[in-house]
Amino acid sequence: MAHVLEITTLAPAPGCTAADFVDANKDIDAYLARQPGYRWRNIAVHGDGTVVDIVAWDSEEQARASAAGIMTEMGSSPVHATIDHASVDWRVIDVLHTA
């Protein structure tokens, strides 16, 4: 079965560190865990303070639906105050095979 990776590159809001952002994402983790096709998530922090959020799904359709759901359902979540939304780049990239 294939995984589709959804990658978001973003910067925390001014005054918020990348570590603050990662900690604030616990509410989105709970949301993702309830979504069909969700496999795993990894948040990496680059040296310049930007964050790469990688989420694996069973299908591209599920990845796109979840991305839309995060923006709708989680829009009022406290985590969104920690994001510089102008830096968000939601995209679904290539389908990768699994071992």
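For clarity, every value in this text was computed on a predicted model and none was experimentally measured.

Relative to strand β3 (residues 51-57), strand β2 (residues 38-45) is paired through seven bridges, and the arrangement is antiparallel. Bridge pairing in β3 links Ala 44 to Val 52. Count of turn residues in the β2/β3 antiparallel hairpin: five residues, of which Gly 49 carries a positive phi of about 90°.

Relative to the helices and strands, Gly 47 resides in the loop between β2 and β3. Taking the C-alpha atoms as reference points, Gly 47 and Ala 18, 29 residues apart in sequence, are found 9.8 Å from one another.

This part takes up helix α2 (residues 26-33). What α2 keeps buried is the set Ile 28, Tyr 31 and Leu 32. For α2, the angular spread of buried residues about the axis comes to 95°, placing them on one side. Of the exposed residues in α2, the ones pointing more than 90 degrees away from its buried face are Lys 26 and Ala 33.

Scanning the model with the defined rule gives four salt bridges in all. Ionic pairing is found between Arg 39 and Asp 58, a salt bridge with its closest N-O pair at 2.5 Å. Taken as a pair, Arg 39 in strand β2 and Asp 58 in the loop between β3 and α3 (60-73) lie far apart in primary sequence, 19 residues in all. Of the residues examined, Asp 58 reaches a relative accessible area of 25% and is grouped as partly exposed.

Rules and cut-offs
Residues numbered from 1 in each chain as written. Predicted model: local features only at pLDDT ≥ 70, side-chain atom pairs only at ≥ 80, totals over all residues. Heavy atoms only, no water. Pairing = 2+ DSSP bridges. Helix = DSSP H or I, 4+ residues; strand = E, 2+ residues; numbered from the N terminus. Buried < 20%, exposed > 50% of the residue type's maximum accessible area, 1.4 Å probe, protein only. Arc of directions from axis to C-beta. Salt bridge = Lys/Arg side-chain N within 4 Å of Asp/Glu carboxyl O.

Everything listed is a geometric property; what it means functionally is a separate question.
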